[in-house]
Amino acid sequence: MPRPKLYLIDGSSFLYRAFHALPALTNLVGEPTGALFGVGNMIRKLLADEQPSHIGCVFDASGPTFREEIYADYKANRPSMPNELRAQIDPLLELVELLGLPLLRVPGVEADDVIGTLARQAERAGMDVVLVTGDKDLTQLVNTHVAWWNTMSNERLDGDGVERKFGVRPDRIIDFLSLTGDSIDNVPGVDKCGPKTAAKWLAQYGDLDNVIAHASEVSGKIGENLRAALPLLPMARELVTIRTDCELPLGPQDLAPKTPERDRLIAFYQRYEFRQALRELSGESAPVRSGPAPAGIVETADPPAPAENLSGPGEYTLVLDEATLEALRTELAAAELIAFDTETTSLDPLRAELVGLSFAVRPKQAWYVPVAHSYPGAPQQLAWEQVREVLGPVLSAAQPRKLAQHGKYDLHVLARHGLTLGGYGEDSMLQSYVLDATAGNHNMDALAKLYLRHQTIKYEEVAGKGAKQISFADVGLDEALNYAAEDADVTLRLHHTLRPRLAAVPELERIYRDLEMPLVPVLQRMEATGILVDARHLGRLSQEMGQQMLTLVQKAHEVAGRHFNLDSPKQLKELLYDELGLKAKSKTPSGQPSTNEDALEEIANEHPLPRIILDYRTLAKLKSTYSDKLPEQINPRTGRIHTSYHQAVAATGRLSSSDPNLQNIPIRSEQGRRIRQAFIAPPGWQLLSADYSQIELRIMAHLSGDEGMLDAFRRGLDIHRATAAEVAGKSPDDVTGDERRAAKAVNFGLIYGMGAVGLANNLGISRKEAQGYIDRYFARYPGIRRYMEQTRATAREQGFVETLFGRRLYLREIHSPRWGLRAGAERAAINAPMQGTAADIIKRAMLSLDPWLQDRGEEIRMLLQVHDELVFEVREDLVGHYRAGIVERMSAAAELAVPLLVEAGHGPNWDAAH
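The residue count restarts for each chain, going from 1 along the sequence in the order it is written. Reporting of local features is limited, given that this is a predicted model, to residues whose pLDDT is at least 70; pairs of side-chain atoms are given and counted only at 80 or more, and all residues count toward the totals for whole chains, interfaces and linings. Each side-chain value is worked out from all heavy atoms of the structure, with water and hydrogens disregarded.

Let's talk about unusual backbone geometry
Link 1 in the chain: Omega for the peptide link from Gln399 to Pro400 comes to 0°, which places this bond in the cis form.
Link 2 in the chain: A helix here means a DSSP run of H or I that spans at least four residues, while a strand means a run of E at least two residues long, and both kinds are numbered starting from the N terminus. Take Pro400: it is sitting in the loop between helix H16 (384–396) and strand S11 (401–404).
Link 3 in the chain: The linkage connecting Asp659 with the following residue, Pro660, adopts the cis geometry, with an omega of 5°.
Link 4 in the chain: Structurally, Pro660 is set in the loop between strand S15 (656–658) and helix H27 (670–676).
Link 5 in the chain: For Arg453, which is not glycine, the phi torsion reads 55° and is therefore positive.
Link 6 in the chain: Unlike most non-glycine residues, His867 shows phi in positive territory, near 60°.
Link 7 in the chain: By the element assignment, His867 lies in the loop between strand S20 (860–866) and strand S21 (869–875).

Here it is as structure tokens:
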């Protein structure tokens, strides 16, 4: 007979989470309802899905608890409860009782202690327990009969899950929390001791008492911090320990739900405008949807109400005089969050001139401040200097926080116009990107249509198209007002829609808050700094490439036996497949033989002509993209090239760049090296390049836990030679060059889902030989096969995979009936955690380096990020000093089961440094 199950809802935890996650909703009479709405929906969904026989909802009681008696500063850092939240407590308690849930609030102890006591009592009574909470502290209660469930993210943890998440078993969570401390509750811990360090110490020494006993053995600054914290650790342990012996008015057997009070519920829902709940109660629609949301969609609340509130036109104000400007300043200064946008004369932020600014602090209301509309008959506008003087103190301050859509552009524009924006903490483009990188375009127009059902005004509607398009400075103020103010307004509406969805998934919230948002100003500074290029060198290179291309054209004509246009796909198809009789291995979507690069590579061993064409195309692309184009992209004001970095493009989290794109310069070809030689250091300086070595393979070793690969990396072996030796069953010293090359192809190929056919083509061997090699590989590295199989299974089960730090890649084709699409999704499932983790690691490295470098601009500057490489400009006499610091910080950007190896070099140009 199954054991009865008791659900214990941590009402206090969800109340705060819902308040900070959901928009600041109100009903028609102005009563705040956001937190009430979020928690109420969570409880209703739980009741509908689980139909519990036993359930209780626990809230903190007012007044002090025993923990304040232990430590007077306990929770001293917490700000006082906002009035908007306080006003929702009594209605929420009323709702819980109307829904028929037993309610507990016990003075002198916290909700956690009540939950802990009930959980242990229920165990002894032969019941299973589900802790419905988002509070990690409660994981200390998890055991065979007690599970932890965060319904906001649908994360469920048993004992093994707790260990996977925190690195320690539930019976060591108390020790773990004692070491890390808790800034929210002001529980002292060991300074700079994060979760990984705490877990490492507990794995090494067993428990907190033994960590304390062996504190003298811990080296470095963290060891000093540990020894400094020793007097406080016993108290910290007492503070984080959940009591399980409280005197309670109700026991587990008393926690049976009652029949909801229907008439009072209807009146409640009508007052607080719970539309979906009202429809359910009246039977007009289906209950709240159960089961997981579709891939990419995070359910946080009943969506119709916010959608209705956030769609439709807004009311906008034009700011043309000092009185209106002062009224705007007052509104901005009193706000908690300011959405803003700039209107300019160019898409290049380092050349754009400011035309106007728009602001919004509440949905459907916005202001536009024009400063440089210059068309004939344009009304008098406030000077930018005056606007900056009035609004500057608010905009440069850390509070209120600022919000934008792709705000890096606006940071550039404002900085060039004498204003450093402060408190930039939210970006609706990055919110959408982190939520689901594969959802499509993350520009404002697309997001407004998707999330708000709102059709925005397009730029072409106010400025025209093509050759007739005018500068925004020439757009009339009436049209400019509606267009510009809408930008700020819609950005704020998107924030109110997207931020709750993000907050509902803690892992994604951390990626957004701790990685993507802090990276914006780092990238902005790198872009503004730019890099020097040698235009003369590029001119000579263009001439050389032009001559080489001409030679290849002549050679192609000789091999073909006639003249033809190497740039014509039609002529190539006729020549290769009709005249020469080569067999096409790839076709275009229309079914015609393909002449793209992949198709030519497939037939390159069958005739010399495809290779000549490939070499010609490589030169043509490098010449047109780099040697011809780079001199044109030198900024006349700075004398440098300023690439633009894009965070919201690559699904795996990789940065991409444009104008120029520096990601696609070949590293190993002679022409690629010649192009890199054009990127130079100024006199008295050197370029320093620091590159993660084989980072994706190291991540594969970490994620798979394969002992053979872990051992090779830990011993500092040549991983490809070591792999070849393992597969061939011989000493590494006896491995041939071909064997190492094959091992390298497999090591890297597996990351990208290469099968026997791909390996056979890569190595020029038969498919049977390639399959045999792969089979031997997996026999020697069984952990890698196991990881790949588990990853595919996980992807099929949940529809996404994650990086080591929680970034998600949704795989919409993972269940596709079309084999090709499904296979592609499975390959992405294998690759994305490694490539995405590598992307996260180098971003973490940049965030670690930036504060160290910011005040050292006269000695060193971070210039470029390309794949796994960072490029710096360093004063010649300080290269050694900064090289050591860069390598140290990059190596410490993540704690893997193998060392993170960083290789660094320097020289007068990028090629010499790399």
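From this point, the discussion proceeds with the structure in view.
Focus: the pattern of salt bridges
Link 1 in the chain: Throughout this description, the term salt bridge denotes a Lys or Arg side-chain nitrogen within 4 Å of a carboxyl oxygen of Asp or Glu. Following the criterion strictly, the structure yields 51 salt bridges and no others.
Link 2 in the chain: For Asp514, the salt bridge goes to Arg513, with nearest N and O atoms at 2.9 Å.
Link 3 in the chain: Only protein chains enter the accessibility calculation, which uses a 1.4 Å probe; a residue whose area is less than 20% of its type maximum is buried, one above 50% is exposed, and one in between is partly exposed. For Asp514, a relative accessible area of 39% puts it in the partly exposed group.
Link 4 in the chain: Of the charged contacts in the structure, one is a salt bridge between Arg796 and Glu826, with a shortest N-O distance of 3.1 Å. With Arg796 in helix H34 (residues 782–798) and Glu826 in helix H35 (residues 819–853), the pair connects residues that are 30 residues apart, well separated along the chain.

Let's talk about the pairing of strand S9 (residues 354–362)
Link 1 in the chain: For S9, the tally of buried residues reaches 8 of 9 residues, placing the bulk of the element in the interior.
Link 2 in the chain: At least two bridges found by DSSP between two strands is the condition for calling them paired. In terms of strand pairing, strand S8 (residues 337–344) meets S9 through 6 bridges, oriented antiparallel. From the neighbouring strand, Ala339 faces S9, where its bridge partner is Ala360.
Link 3 in the chain: Strand direction decides the pairing type here: S9 and strand S10 (residues 365–370), joined by 5 bridges, are antiparallel. Bridge assignment links Arg362 to a residue of S10, and that residue is Gln365.
Link 4 in the chain: Hairpin geometry of S9 and S10 is characterised by an intervening segment of 2 residues between the two adjacent antiparallel strands and by a positive phi of about 70° at Lys364.

Focus: the sheet that holds strand S6 (residues 155–157)
Backbone-to-backbone hydrogen bonds join strands into a sheet, with any given pair of strands oriented parallel or antiparallel.
Link 1 in the chain: Strand order in the open sheet formed by 6 strands is S3-S2-S1-S4-S5-S6, with mixed pairing between adjacent strands. Looking at strand neighbours, the two that pair on one side only are strand S3 (103–104) and S6, the edges of this open sheet.
Link 2 in the chain: By the bridge criterion, 2 bridges tie strand S2 (residues 54–58) to S3 in an arrangement that is parallel. Paired with Val58 across the bridge in S3 is Leu104.

Focus on the nonpolar core
Burial of nonpolar side chains together is a common tendency in soluble globular proteins.
Link 1 in the chain: Among the nonpolar cores identified, the biggest contains 169 residues, and Phe359, Tyr692, Ile841 and Phe872 are the most heavily contacted of them.
Link 2 in the chain: Considering every element that reaches this core, the biggest residue donor is H35, with 11 residues.
Link 3 in the chain: By definition in these notes, contact holds between two residues if any of their heavy atoms fall within 4.5 Å. Apart from residues lying up to four places away in sequence, Tyr692 is in contact with Ile841, Ile842, Ala845, Asp868, Met890, Ser891, Ala893, Leu900, Leu901 and Val902.
Link 4 in the chain: Remark: nonpolar core denotes a set of buried residues (Ala, Val, Leu, Ile, Met, Phe, Trp, Tyr, Cys) joined through side-chain atoms within 4.5 Å. Counting residues in each nonpolar core, the second largest holds 54 residues, with Met127, Leu131, Val142 and Leu255 among its members.

Things to note about helix H7 (residues 173–180)
Link 1 in the chain: Most of H7 sits inside the fold, with 7 of its 8 residues counted as buried.
Link 2 in the chain: Of all the positions in H7, only Ile173, Asp175, Phe176, Leu177, Ser178, Leu179 and Thr180 are classed as buried.
Link 3 in the chain: Elements that come into contact with the buried residues of H7 comprise helix H6 (159–166), helix H8 (195–205), helix H9 (208–213), helix H10 (220–229) and helix H11 (233–240).
Link 4 in the chain: One or two residues past the end of H7 sits Gly181, with phi positive at roughly 70°.

Remarks on the packing of helix H2 (residues 34–50) against helix H4 (residues 83–98)
Link 1 in the chain: Where H2 contacts H4, the axes come no closer than 8 Å and their chain directions differ by 25°. Judged by the angle between their axes, H2 and H4 are roughly parallel. Along this stretch, H2 crosses H4, giving a crossing that reads as right-handed. Of H4, the residues touching H2 (which contributes Gly34, Ala35, Leu36, Val39, Gly40 and Ile43) are Leu85, Gln88, Pro91, Leu92, Leu95 and Val96.
Link 2 in the chain: In this count, Pro and Cys sit with the nonpolar residues alongside Ala, Val, Leu, Ile, Met, Phe, Trp and Tyr, while Asp, Glu, Lys and Arg are called charged and the others, Gly among them, polar. The class makeup of the residues in the contact of H2 with H4 is 9 nonpolar, 3 polar and no charged. Axis definition: a line fit to C-alpha positions, over the contact stretch in the case of helices; interaxial angles, taken between N-to-C directions, run 0 to 180 degrees. The labels follow the angle: roughly parallel below 35 degrees, roughly antiparallel above 145, roughly perpendicular from 65 to 115, and oblique for the rest. Handedness of a crossing follows from how the near helix is turned relative to the far one, being left-handed for an anticlockwise turn of less than a right angle and right-handed for a clockwise one.

Things to note about the packing of helix H30 (residues 719–728) against helix H33 (residues 767–780)
Link 1 in the chain: It is the contact of H30 with H33, at a shortest axis distance of 9 Å, that shows an interaxial angle of 100°. As far as their axial angle goes, H33 and H30 are roughly perpendicular. Contacts from Thr723, Ala724, Glu726 and Val727 in H30 reach Tyr773, Arg776, Tyr777 and Arg780 in H33.
Link 2 in the chain: Looking at the contact of H30 with H33 residue by residue, the class counts come to 4 nonpolar, 1 polar and 3 charged.

Details of the side chain of Asp706
Link 1 in the chain: With respect to the secondary-structure elements, Asp706 resides in the loop between helix H28 (695–704) and helix H29 (707–714).
Link 2 in the chain: Counted as positive: Lys and Arg. Counted as negative: Asp and Glu. His and the chain ends are not counted at all. Here Asp706 occupies a buried position and makes no salt bridge, while the nearest side chain of opposite charge, Arg786, is found at 5.8 Å.
Link 3 in the chain: As used in this structure description, the phrase polar contact means that two N or O atoms lie within 3.5 Å; if the pair is within protein, one of them must be able to donate a hydrogen and the other to accept it, and residues adjacent in sequence are counted only when both atoms belong to side chains. A polar atom in the side chain of Asp706 sits 3.1 Å from the backbone nitrogen of Met709.
Link 4 in the chain: The contact partners of Asp706, leaving out residues within four places of it in the chain, are Ala701, Tyr781, Pro782, Gly783 and Ile784.

As for the sheet that holds S21
Link 1 in the chain: Across the sheet, which stays open at both edges, the 4 strands sit in the order S20-S21-S17-S22 with antiparallel pairing between neighbours. Of all the strands in the sheet, just S20 and strand S22 (902–907) have a single pairing partner and so form its edges. Along the sheet, successive strands turn relative to each other by an average axial angle of 20°, direction set aside.
Link 2 in the chain: Direction of pairing for strand S17 (residues 685–692) relative to S22: antiparallel, over a ladder of 6 bridges. What sits directly across from Tyr692, in S22, is Val902.

Thoughts on the packing of aromatic side chains
Link 1 in the chain: For this analysis, a ring pair means two rings from Phe, Tyr or Trp (six-membered ring only for Trp) whose centres lie within 6.5 Å, classed as stacked if their planes differ by under 30 degrees, edge-to-face if by over 60, and tilted for the remaining angles. Per the stated rule, a full pass over the model turns up 15 aromatic pairs.
Link 2 in the chain: Judged by centre distance (5.7 Å) and plane angle (80°), the ring pair of Tyr777 and Phe778 falls under edge-to-face. An identical accessibility class is assigned to Tyr777 and Phe778; each is buried.
Link 3 in the chain: Ring centres of Phe800 and Tyr810 lie 5.4 Å apart, and the angle between their planes is 65°; this geometry places the pair in the edge-to-face category. Taken together, the residues Phe800 in strand S18 (residues 800–802) and Tyr810 in strand S19 (residues 808–810) connect sequence positions 10 residues apart. When sorted by exposure, Phe800 lands in the same class as Tyr810, which is buried.
Link 4 in the chain: An aromatic cluster is defined as three or more aromatic residues linked by ring pairs; in this entry it consists of Phe37, Phe268, Tyr269, Tyr272 and Phe274.
Link 5 in the chain: Here Arg156 stacks its cationic end above the ring of Trp149, 3.9 Å away from the centre of that ring. Note on criteria: charge over ring means Lys NZ or Arg CZ within 6 Å of the ring centre, with the direction from the centre no more than 35 degrees off the ring normal.

Considerations on the environment of Leu419
Link 1 in the chain: Structurally, Leu419 can be placed in the loop between helix H17 (407–416) and strand S12 (424–427).
Link 2 in the chain: Note: C-alpha distance between Leu419 and Leu395 (24 residues apart in sequence) is 8.2 Å.
Link 3 in the chain: Once you skip the residues sitting within four places of it in the chain, Leu419 turns out to touch Trp384, Arg388, Gly392, Leu395, Ser396 and Leu414.

Describing empty space enclosed by the protein
Link 1 in the chain: Note on definitions: the grid is 1 Å and covers protein atoms alone; a cavity is a set of points where a 1.4 Å probe fits but cannot get out; a pocket is an open set with protein on both sides within 12 Å along at least five of seven lines; lining residues have an atom within 4 Å of a point. Grid points are joined across faces, edges and corners, and a volume is the space filled by probe spheres set on the points. For the coordinates displayed, the defined rule picks out 3 cavities of 30 Å³ or more.
Link 2 in the chain: Roughly 50 Å³ of internal volume is contained in the largest cavity.
Link 3 in the chain: Every residue along the wall of the largest cavity is listed here: His406, Gly407, Lys408, Asp427, Met429, Leu430, Val520, Tyr645, His646, Gln647 and Ala648.
Link 4 in the chain: Listing elements by their share of the lining of the largest cavity, those giving two or more residues are H17, helix H18 (428–435) and strand S14 (644–646).

Treat this as a map of the structure, not an account of what it does.
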